[in-house]
Amino acid sequence: MRCSKCKERAIAYLKPYRIALCGKCYPEFYLRLVERSVKKYGILKRKERILACVSGGKDSSAMVVALKMLGFNVEILHIDLGIGDYSKKSRKIVEELAEGIDVPFHVVELAEYGFTIDGVDVKKVCSVCGTAKRYLMNRFARENGFDVIATGHTAEDIILFFFKNVLSGGIEWIPKLVPRSEGGGGFVSKARPLFERSEKENILFVLAEGIPFLADECPHAPRDAWKEIIYDIEAKRPGFKQNFVRGLVRLAKNVKVDENWELRRCKVCGEPSSSEVCAFCRYVMKFKK
Ligand code: SF4
Ligand code: ZN
């Protein structure tokens, strides 16, 4: 298979775009796709100070390099969750990546708050981890004057989230499944520049650009049958993932948000919260050794 642009040997055929690309032409193609999404949905602004949350996996690594190459004012935040060797390796890779692309590197350790993800003895570890990550990134971004937090969520992540929440009756989450949500009341705006990108597109970019990333999976990651279902649909209907997330943007605008809940301040840490004590502080009380 030959590259549709330069006729060199192609590294991949991208069905949704009906194009084959080589390792040299692919990064430029990928950057234009990211740039197009950012413009189309107003995901990021040139003057904004962006905090990119980078775990060390392929998606967030691809995101921060793409944003840097597109000329955005970006810095990296890595959250050390205390997941044994996995966290040690992730942190080292993100440090190496930040140095390689000359982007300021910041790290927050969950252990500073008295517990680690490895020490959480509940079934739904990922739910605790998700709450901790959202809390720590928002707090760090606000306290350090960032305008927006960028995360490496992919089209697959968004679709998974949609399926799981709709199946458990949680449609109030739908308005959050958008490429950018504006902040306020102590919350920093959230941007998802890879909203329309697939995991395959991201991995091709990191491989073609030689970007360091951690291929290991978190030892707590649940096996997700839904992801396989999404891949199966995509294989039968190329372009399904992108069309689905684009549809979600329109759907999100039409789902009424419950405006009756009151935003308060957590009486322990002072962060914005919907309850007297925020979910993160409740976990700290429960798991602190
Ligand atoms: Fe956290 Fe779960 Fe992701 Fe591991 S798989 S980093 S525990 S959310
Ligand atoms: Zn709190």
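So, here's what we can say about the structure. Keep in mind it's a predicted model, so treat the numbers as computed, not measured. (Residues numbered from 1 in each chain as written. Chains lettered and ligands numbered in written order. Predicted model: local features only at pLDDT ≥ 70, side-chain atom pairs only at ≥ 80, totals over all residues. Heavy atoms only, no water.)

Brief notes about the pattern of salt bridges
Right, so step 1: Counted according to the given criterion, the structure contains 22 salt bridges.
Right, so step 2: Ionic pairing is found between Glu143 and Arg139, a salt bridge with its closest N-O pair at 3.1 Å. Here Arg139 and Glu143 lie together in helix H4 (residues 125–143), a separation of four residues that amounts to about one turn.
Right, so step 3: The salt bridge partner of Arg223 is Glu228, with a shortest N-O separation of 3.1 Å. (Salt bridge = Lys/Arg side-chain N within 4 Å of Asp/Glu carboxyl O. Helix = DSSP H or I, 4+ residues; strand = E, 2+ residues; numbered from the N terminus.)

A closer look at the nonpolar core
Right, so step 1: Counting 42 residues, the largest nonpolar core has Leu21, Tyr26, Tyr30, Leu44, Val64 and Phe205 as its most contacted members.
Right, so step 2: Element by element, the count of residues in this core is highest for helix H1 (residues 26–41), at seven residues.
Right, so step 3: Not counting the four nearest positions on each side in its chain, Tyr26 is found in contact with Ile11, Leu14, Leu21, Glu201, Leu204 and Phe205.
Right, so step 4: Residues Leu81, Val125, Ala141 and Phe280 belong to the second largest nonpolar core, which totals 32 residues. (Core = buried A, V, L, I, M, F, W, Y, C linked by side-chain atoms within 4.5 Å. Buried < 20%, exposed > 50% of the residue type's maximum accessible area, 1.4 Å probe, protein only. Contact = heavy atoms within 4.5 Å.)

Looking at unusual backbone geometry
Right, so step 1: Even without being glycine, Lys7 reaches a positive phi, approximately 75°.
Right, so step 2: For Asp102, which is not glycine, the phi torsion reads 60° and is therefore positive.
Right, so step 3: Given a relative accessible area of 62%, Asp102 falls into the exposed group.

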